[in-house]
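Spelled out, the chains give:
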Amino acid sequence: MTHSAIRELLKVTEQPGCISFAGGLPSPDAFPLDEVAEVTQRILRDSGTRALQYGPTEGYRPLRAWIAEHYAPPDVTLSAENVLITTGSQQGLDLLGKIFLDPGDVVGVESPTYLAALQAWTAYEVEFAPIPSDHNGMQTSRLNSVWSLSLKFIYCQPNFQNPTGVTLTLSRREKLVAATAQRGIPIIEDDPYHALRFDGEHLPTLLSLAGRRQGGDGYAGHVIALGTFSKILSPGIRVGWIIAPEAVIHKLTLAKQGVDLHTAMLNQMIAYEMAHTGLIEQHIPAIIQMYRERRDAMLAALATHFPASVRWTMPQGGMFVWVYLPEQVDAASLLETSLEEQPEGPGPVAFVPGGPFHTQGGANTLRLNFSHSDIPTIHEGISRLGLALKKHLAVPALS
Ligand SMILES: Cc1ncc(COP(=O)(O)O)c(C=O)c1O
């Protein structure tokens, strides 16, 4: 494990006056506070002793059954036995590492990919095989370069990927599923932003395409799927899940027993009540509308304040825009410029430089979060960042 210099730098974002597009935080305005308060009181009143007691490692059974039913695609048959409740999907990533990965193993990842997945699996001393992505997601035409590496699995976020915001096209999804099925390589499908689509139609998940390929005959487990309530309800309650074959769930359960015994019962019961009564579903359109407006504000501000030499992605959902600076510009040193406090200056603004999301390269990229800031803050922050960028571009790079 390594210490992150960027995390240290980003501590500045806690100071008043700093605008931060760095975190991956949902908007606090997106939390259904009244509903959660009401549901929590009801749980404590009616089933309080259960909610405050230890529970099974696999998770609260009604929640497992609800997830199995709700997330089973048409061609895949799932039961509660295929679901493990985890303390956020981040724990799911780590548990999968615990049971699948040995030192020296190779994991195929989109490049760039979710930083904390790289962090979680680096601890198991693995190598990463980067598969480049573009505005249509993982470039499946580049998969040929990784087959010789005997991959343990391929990790993929098909929707509104963290960090780029891009979505894997249907034809690439089909190619990825077919090519890995042929070679017997599992896919880890991580889909935390699935419900947060602002434009266009939902595309079939990799889990669903694998089921269709197999001809609707149960669940073969070629795709292991991760989900979470973090982006549609609350990240603070830490409730996520893994969908996997029973034998894998059994191993994951043993691994989880050594970590935290089980996910908090009260939180699982809150998630279940909010989910099965339809309260989450009713709440999602309001989140989508808020985030769509914020995404539009960020794209408009980028077009206004950023130089023509800079490009960025146009996400159809999720929480992030990904920016490509000119090749020679180092986003980490731009961050230093943009965090500098100047007496008469516009004030600091933070983002995450893109390098650490790559296994190599990517120094000229950066990630911007649009879900957490309101629209005036987005305009102000992108205007400040545009100024910092112009200042940075005006200074000749040291060679
Ligand atoms: C791609 C991806 N996977 C997993 C997670 C972890 O989410 P949580 O542990 O809150 O469920 C995140 C959070 O930002 C994410 O972006």
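Residues numbered from 1 in each chain as written. Predicted model: local features only at pLDDT ≥ 70, side-chain atom pairs only at ≥ 80, totals over all residues. Heavy atoms only, no water.

## What about the overall build of the chain?
Thought 1: A tally of helices and strands in the chain yields 12 helices and 14 strands.
Thought 2: Relative to its length of 399 residues, the chain is compact, with a C-alpha radius of gyration of 21 Å against a globular reference of 21 Å.
Thought 3: The C-alpha extent of the chain, read off along each of the three principal axes, is 60 × 55 × 40 Å.
Thought 4: In the chain, which comprises 399 residues, the proportion classed as buried is 54%.
Thought 5: Expressed as a percentage of contacts within the chain between residues at least 6 apart in sequence, the contacts between residues at least 24 apart total 74%.
Thought 6: Accessible surface computed for the chain: about 17300 Å², of which carbon and sulfur atoms make up 53%.
Thought 7: With 29 positive and 39 negative side-chain charges, the chain shows a separation of 3 Å between the mean positions of the two kinds. (Helix = DSSP H or I, 4+ residues; strand = E, 2+ residues; numbered from the N terminus. Rg over C-alpha atoms; globule rule 2.2 N^0.38 Å. Buried < 20%, exposed > 50% of the residue type's maximum accessible area, 1.4 Å probe, protein only. Contact = heavy atoms within 4.5 Å. Areas by Shrake-Rupley, 256 points an atom, 1.4 Å probe, with all protein chains shown as cover. Lys, Arg positive; Asp, Glu negative; His and termini not counted. Charge placed at Lys NZ, Arg CZ, Asp CG, Glu CD.)

## Focus: the packing of aromatic side chains
Thought 1: The tally for this structure, following the rule as stated, stands at 11 aromatic pairs.
Thought 2: Consider the rings of Trp 121 and Phe 153, whose centres lie 5.1 Å apart with planes at 70°: the pair is edge-to-face. Remark: Phe 153 occurs in strand β6 (residues 151-156) and Trp 121 occurs in helix α5 (residues 115-122); sequence separation between them is 32 residues. Summarising the burial analysis for this pair, Trp 121 and Phe 153 share the class buried. (Phe/Tyr/Trp six-rings, centres within 6.5 Å; stacked < 30°, edge-to-face > 60°.)

## Focus: the site of the ligand
Thought 1: Within the structure, the ligand sits among 14 residues, and Ser 89, Asp 190, Tyr 193, Thr 228 and Ser 230 are positioned closest to it.
Thought 2: The backbone of Ser 89 places a nitrogen or oxygen atom 2.7 Å from an oxygen atom of the ligand.
Thought 3: Side-chain polar atom of Ser 230 to an oxygen atom of the ligand: 2.6 Å apart, as the coordinates give it.
Thought 4: Within the complex, 92% of the 400 Å² of free accessible area of the ligand lies under protein.
Thought 5: Per element, the largest residue contribution to the shell around the ligand is 3 residues, and it comes from helix α4 (residues 88-100).
Thought 6: For the shell around the ligand, a count of residues per class yields 4 nonpolar, 7 polar and 3 charged. (Near = heavy atom within 4 Å. Polar contact = N/O pair within 3.5 Å; in protein donor to acceptor, adjacent residues only side chain to side chain. Nonpolar A, V, L, I, M, F, W, Y, C, P; charged D, E, K, R; others polar.)

## Details of the packing of α4 against α5
Thought 1: One can describe the packing of α4 onto α5 by two numbers: an axis separation of 9 Å at closest approach and a directional angle of 35°. Judged by the sense of rotation from one axis to the other, the crossing of α4 with α5 is right-handed. Across the interface between the two elements, Gln 90, Leu 93, Asp 94 and Gly 97 of α4 pack against Ala 116, Ala 117, Ala 120 and Trp 121 of α5.
Thought 2: Here the residues of the contact of α4 with α5 sort into 5 nonpolar, 2 polar and 1 charged. (Axes fitted to C-alpha atoms, helices over the stretch in contact; angles between N-to-C directions. Left-handed = near helix turned anticlockwise from the far one by under 90°.)

## As for the environment of Asn 369
Thought 1: As for its position among the elements, Asn 369 is in strand β14 (residues 365-369).
Thought 2: C-alpha separation for the pair Asn 369 and Asp 34, spaced 335 residues apart in sequence, amounts to 26 Å.
Thought 3: With residues near it in sequence (within four places) discarded, Asn 369 still touches Phe 21, Gly 23, Gly 24, Leu 25, Met 298, Met 319 and Phe 320.
Thought 4: In terms of polar contacts, Asn 369 uses its side chain to reach the backbone carbonyl oxygen of Met 319, at 3.4 Å.

## Observations concerning α4
Thought 1: Taking 1.5 Å per residue, 13 residues should reach 18 Å; α4 reaches 19 Å between its end C-alpha atoms and fits that length.
Thought 2: Of the residues making up α4, those classed as buried are Gly 88, Ser 89, Gln 91, Gly 92, Leu 93, Leu 95, Leu 96 and Gly 97. (Expected span 1.5 Å × (residues − 1).)

## Focus on unusual backbone geometry
Thought 1: Here Ser 111 and Pro 112 are connected by a cis peptide whose omega angle stands at 5°.
Thought 2: Here Pro 112 lies in the loop between β3 (106-111) and α5.
Thought 3: Following Asn 162, the chain continues into Pro 163 via a peptide bond in cis, with omega recorded as 25°.
Thought 4: Structurally, the position occupied by Pro 163 is in the loop between β6 and α6 (170-183).
Thought 5: Positioned with a positive phi, Ser 150 is a non-glycine residue whose angle comes to about 40°.
Thought 6: Position of Ser 150 among the secondary structure elements: in the loop between β5 (137-138) and β6.
Thought 7: Judged by relative accessible area, Ser 150 falls into the exposed class, the value being 61%.
Thought 8: Phi is positive for Phe 160, close to 50°, though the residue is something other than glycine.
Thought 9: Of the residues examined, Phe 160 reaches a relative accessible area of 0% and is grouped as buried.

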